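# Remarks on the overall topology
Residues per chain are reported as follows:
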Amino acid sequence: MSSGHLSEIDSSVQSIRFLDGKARYPVLFLIASGVLWLLFGSLLALLASVKMHAPEFLGQWSFLTFGRVRPLHLNTMVYGWASMTGAGVALWLLSRTLRVAIPMRPYIIGVTVIWNIALFVGSIQILSGFTRGIEWLEFPVSTMIVIVWCILVIGIAAMLMLFYRNVKTLYVSVWYIIAAFLWLPLLGGVSSLPIFNSPTVQAGMNWWFAHNALGLWFTPIGLAAAYYFIPKVVGRPIYSYGLSLLGFWGLALFYNWNGFHHLIGSPLPTWFVTISIAASVMMIIPVVVVAVNHHMTVVGSFSAVKHSPTLRFVVFGAMSYTFVSLQGSLQALRSTNEVIHFTHFVVAHAHIGMYAFVTMMLFGSCYYILPRLTNWEWQSHKLIKAHFWLSAIGIILYTVPLQIGGVLQGLAMNNPDIPFMDTMNLTIPYLIARSVAGVLLTAGHLIFAYLVVRIVSKVGLRPEAPTIWKKTLKET
Amino acid sequence: MAENSENKKNENAFGDEEKNDSIFDIHSASLREQPLPEEGNERGPWWMYVIIVLTLAFGFFYMGRYLGEVSDRAHVLFTAPPGAEAVEEVEFDLIAEGQRIYTRVCQACHQANGEGISGVFPTLAGAEWVVDKPDYTVLSILNGLRGELVRERATYDGVMPQFGSQLDDQDIAAVVSYIRTSFGNDAGEIQPERVTQIRELTADKSGAYTAETIEEWIARIEPDLEESPEPAED
Amino acid sequence: MILETSINITFGIWVLLLFSLLILLSGIALFIWAYFSGQFDDINKGAQLPFDEEEPPGEPTDQIFKKDESNNEA
């Protein structure tokens, strides 16, 4: 084994099992915290969803009103579940692809404690009515700065890994993750500046931040996971490394101006919105490149997808990424926006992005990472399959009816002859479908949390042998 | 394909030692069983490049077509196609405009039904000044009216502020036309030109009228006014 | 308060523009660094990075469900 890049790696010290051992506590803590916030966020989501078609439900307490429950759902999911788990997955991926142990491990654990406290304080603040009132930025600025600082510290650990790496060539996942750790603190810092006090400019900042948080923080982490796990699980190198780099720089080039397409028809200068629409359409380029790359890697290996819990989730996530991005490019056009703006269609679109893509990627990553961190097996294959199907069917049941309802709602709102109450009533069946889907998703999350608790605490029956190193164990 | 690129790599000018015994050679046996790409360096299907070129073309076309004025000025353009429907003339409706102004300006005192408040704000329904002598109404709107006002059924003692500076002639004509045709009144519209004329003739009057001075002023301007509007048709 | 309102309302727009360009520039800077540090010299190598001697290409991992079935058969 004296060939190419493999010779760069001192595998006696930097074996993946050694790296996973070093990654154990910080990554486990980040993922476990994320799962905790996932459960809390799911509860809030159910509450908010039911309130959409039964407004009086639990409305007698001010802290459980829609205006507080819904923003908190968004914030706990985004800064709790997706960011924490995403940071953990990103650190693990860096450790694997850069062949270096995670540094600053006590700091990362300490920062995660602070992060959890900030989320807890922020939750109380939002529930008691202290909010900035800006979507995606409802946490008061002070709380938000603490969270951004936590991500910044973890980002410093990521940069240290980059500098002390044991491989020369950076894998595409590394590009995505490094960029994400550069961009998010920038976004968080700018959005906290006290200069966006005029309503129009504040709205501009709002969507500049919110869309970039998705596109320059969660999307890179999700794609980094896909670029690692698809080749890894299928056992075949990525179809084209060159194309994967094209995809990354396409994202870096086109994404950061996308957010203003949320403000079509607002008094923002027209050229802001026009460039944003053009950039949104241009996102087709990196998306198609990434889709081709992923598809061509997986194609022909359907059995590997079927047999791997990780790949089921990751392939579902990758397909959703293609779908949601192409849909987003079309949505950004003024003519389509005329119908779907201010409707439930956009809510469903956001959930395809944050759930069907990002969350499914994170689930898939967790299914791969946790057995390797804990040296333990997942307790039940049936439960994993149940989780997959609950999540997959749940999110489809969530988005498809809601998008149909959203289009009908938009057409009705554009028709001045239809009274507004009729438009409202028209959406109710679709909103009920969403609540049903929410129950399925929450059930899936409970199963996932149960599995995580079992594997982390190592209770129950130990499997006869860890299947993940099947080959090695057979030989011994 | 794969071999070609490997050979080319050997000839490249960087002088780096290229190693041919890559991981592929070692695992070639297992990899050959898979009929699909092994190199990790494929170029992608042709239609992908077509999509890239078309997307770029569309993006730049869109920017060129709809960029608008590059400044920090807030403006909303292009939301409706220019042309046919944009030029459609809307006929100005005195009564509808008058109702809007009445709701905004007059209703607080004279009430939504024009009944006023007894003893303070005169009723407009069936009032002599409104139905038969609209010039009185125009004057009191222009400069205001204060002091006791004795009517057949009631006496009022309130203050009518002046609106001459905030309502233009068309607004005043609209609101007078509105009250002349509402609350059971059945008189005709009055035109903005008449208000303009009255405003000019009373230009040197300052301060509010009283019940006496308004009579004097009407007498003074009456000869210069064009013929009065048609009285109510009952 | 006075200080806040005295800032031109369009000031924020230019700040957003500036930081968007900064993000764009960071991408371009990464690209330039990648080019000059030889990241693109041998594109083939990149695709092999997830693999090593322990988990070589051609060997699917994480086939948990498959093992389940083979156990049932055995």
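Residues numbered from 1 in each chain as written. Chains lettered and ligands numbered in written order. Predicted model: local features only at pLDDT ≥ 70, side-chain atom pairs only at ≥ 80, totals over all residues. Heavy atoms only, no water.

## Digging into the overall build of chain A
Heads up, the rule is: In DSSP terms, a helix is any run of H or I states spanning at least four residues, a strand is any run of E spanning at least two, and both are numbered starting from the N terminus. The Shrake-Rupley method, run with a 1.4 Å probe sphere, supplies the accessible areas, and residue values consider only the shown protein chains as cover. The charged-residue count follows a simple rule in which Lys and Arg add positive charge and Asp and Glu add negative charge, with His and chain termini not counted at all. A charge is said to be at NZ when it belongs to Lys, at CZ for Arg, at CG for Asp and at CD for Glu.
Within chain A one finds 16 helices and 0 strands. Dimensions along the principal axes, computed over C-alpha positions, put chain A at roughly 75 × 50 × 45 Å. For chain A, the exposed surface amounts to about 16,000 Å²; the carbon and sulfur share of it is 72%. If the 27 positive side-chain charges of chain A are averaged to one point and the 12 negative ones to another, these points end up 12 Å apart.

## Focus: the interface of chain A and chain C
Our working definition: The contact rule is simple, with two residues in contact once any of their heavy atoms fall within 4.5 Å. By convention in these notes, a salt bridge is any Lys or Arg side-chain nitrogen within 4 Å of a carboxyl oxygen on Asp or Glu. Side-chain atoms alone can form a polar contact between residues adjacent in sequence; in general such a contact is a pair of N or O atoms within 3.5 Å, and within protein one must be able to donate a hydrogen while the other accepts it. Throughout, the ten residues Ala, Val, Leu, Ile, Met, Phe, Trp, Tyr, Cys and Pro are labelled nonpolar, Asp, Glu, Lys and Arg are labelled charged, and all others, Gly among them, are labelled polar.
If you look at the interface, chain A gives 76 residues, while chain C gives 50 residues. Its salt-bridge partner being R99 of chain A, residue D52 of chain C comes within 2.8 Å of it at the nearest N-O pair. Across the contact surface, chain A and chain C share 13 residue pairs in polar contact (both at pLDDT 80 or more). Among the residues making up the side of chain A that touches chain C, the classes are represented as 45 nonpolar, 17 polar and 14 charged.

## Section: the pattern of salt bridges
The test is simple: Only protein chains enter the area calculation, which uses a 1.4 Å probe; residues under 20% of their type maximum are buried, those over 50% are exposed, and those in between are partly exposed.
Tallying each qualifying case throughout the model produces 7 salt bridges over all chains. Between R70 of chain A and E135 of chain A there is a salt bridge, with the nearest N and O atoms lying 3.1 Å from each other. Of this pair, R70 of chain A sits in helix 2 (residues 66-98) while E135 of chain A is found in the loop between helix 3 (105-127) and helix 4 (141-163), placing the two residues 65 residues apart along the sequence. Given the relative accessible area of 24%, R70 of chain A is considered partly exposed. Between D169 of chain B and R199 of chain B there is a salt bridge, with the nearest N and O atoms lying 2.6 Å from each other. Residue D169 of chain B is located in helix 7 (residues 169-181), and its partner R199 of chain B is located in helix 8 (residues 192-201); the two are separated by 30 residues in the primary sequence.

## Re the environment of V324 of chain A
All names here are of chain A. For V324, the position within the fold is in helix 11 (residues 309-331). Accessibility expressed as a relative area gives 8% for V324, which makes it buried. Separated by 25 residues in the primary sequence, V324 and H349 have C-alpha atoms spaced 6.8 Å apart. Dropping the residues within four chain positions of it, V324 is found in contact with H349, I352 and G353.

## Topic: unusual backbone geometry
Among all residues save glycine, negative phi is the norm, and among peptide bonds the norm is trans. Positive phi, normally seen in glycine, also occurs at R99 of chain A, with a value near 60°. Secondary-structure assignment places R99 of chain A in the loop between helix 2 and helix 3. In the Ramachandran plot, F183 of chain B falls in the positive-phi region, its phi being about 55° despite a non-glycine side chain. For F183 of chain B, the position within the fold is in the loop between helix 7 and helix 8.

## Brief notes about the pairing of strand 1 (residues 145-150) of chain B
Residues and elements named next belong to chain B. Where we set the bar: Any two strands are treated as partners once DSSP identifies two or more bridges connecting them.
One ladder, built from 6 bridges, connects strand 1 with strand 2 (residues 155-160); its direction is antiparallel. By the bridge assignment for strand 2, R146 is matched with V159. Here strand 1 folds back onto strand 2 in antiparallel fashion, the turn holding 4 residues.

## Regarding the confidence of the model for chain B
Residues and elements named next belong to chain B. This is how it is decided: Per-residue confidence from the predictor is reported as pLDDT, a score between 0 and 100.
Looking at chain B as a whole, the pLDDT averages 75, with 71% of positions reaching at least 70. Looking over chain B, one finds the lowest element-wise mean pLDDT in helix 1 (residues 2-11), namely 44, and the highest in helix 3 (residues 46-66), namely 93. Contacts of residues 1-21 to residues separated by more than four positions or lying in other chains number 17 contacts, the stretch itself having pLDDT below 50. Below a pLDDT of 50 lies the segment residues 28-37, which in the model reaches 15 contacts outside its immediate sequence neighbourhood of four places, other chains included. Predicted complex, confidence summary: ipTM 0.85, pTM 0.75.

## Thoughts on the environment of P140 of chain A
Residue and element names in this part refer to chain A. Residue placement: P140 occurs in the loop between helix 3 and helix 4. Taking the relative accessible area as the measure of exposure, P140 reaches 15% and is therefore buried. For the pair P140 and V121, spaced 19 residues apart in sequence, the C-alpha to C-alpha distance is 10.0 Å. Non-local contacts of P140, meaning those with residues more than four positions away in its chain, are made with Q125, F130 and R132.

## Some points on the nonpolar core
What tends to happen in soluble globular proteins is that the nonpolar side chains get buried as a cluster. Cut-off, in case you're wondering: Note on terminology: a nonpolar core comprises buried Ala, Val, Leu, Ile, Met, Phe, Trp, Tyr and Cys residues joined through side-chain atoms within 4.5 Å.
One finds Y79, W92, W115 and W136 of chain A to be the most contacted residues of the largest nonpolar core, which totals 189 residues. In this structure, A173, A174, V175 and I214 of chain B belong to the second largest nonpolar core, which totals 37 residues.

## Observations concerning the packing of aromatic side chains
Stated precisely, the cut-off is as follows: Classification of ring pairs uses Phe, Tyr and Trp, with its six-membered ring standing for Trp, and accepts pairs whose centres are within 6.5 Å; under 30 degrees between planes counts as stacked, over 60 as edge-to-face, and the remaining range as tilted. Definition used: whenever NZ (Lys) or CZ (Arg) falls within 6 Å of the ring centre and also within 35 degrees of the ring normal, the charge is taken to sit over that ring.
Enumeration over the complete set of coordinates arrives at 44 aromatic pairs over all chains. Note on Y79 of chain A and F139 of chain A: the rings are 6.1 Å apart at their centroids and 40° apart in plane angle, and the pair reads as tilted. With Y79 of chain A in helix 2 and F139 of chain A in the loop between helix 3 and helix 4, this pair connects stretches of sequence that are 60 residues apart. Exposure class is identical for Y79 of chain A and F139 of chain A. Each is buried. Taking the ring centre of Y368 of chain A as reference, the NZ or CZ of R372 of chain A above it sits at 3.7 Å. Here K205 of chain B stacks its cationic end above the ring of Y209 of chain B, 5.0 Å away from the centre of that ring.

## A few points about the packing of helix 11 of chain A against helix 14 (residues 381-414) of chain A
Residues and elements named next belong to chain A. The criterion, for reference: Under this scheme, a helix contributes an axis fitted over its contacting stretch, all axes are lines through C-alpha atoms, and angles between N-to-C directions fall in the 0 to 180 degree range. These descriptions rest on fixed angle ranges, namely under 35 degrees for roughly parallel, over 145 for roughly antiparallel, 65 to 115 for roughly perpendicular, and the rest for oblique. Crossings are sorted by hand: turned counterclockwise from the far helix by less than a right angle, the near helix makes the crossing left-handed, and turned clockwise it makes it right-handed.
With their axes 10 Å apart at the nearest point, helix 11 and helix 14 run at an angle of 15° to one another. Classified by the angle between their axes, helix 11 and helix 14 sit roughly parallel to one another. Seen along the crossing, helix 11 lies across helix 14 with a hand that is left-handed. Here P309, R312, F313, F316 and Q327 of helix 11 lie close against helix 14, whose contacting residues are I384, K385, H387, F388, W389, A392, I395, I396 and Q403. The class makeup of the residues in the contact of helix 11 with helix 14 is 9 nonpolar, 3 polar and 2 charged.

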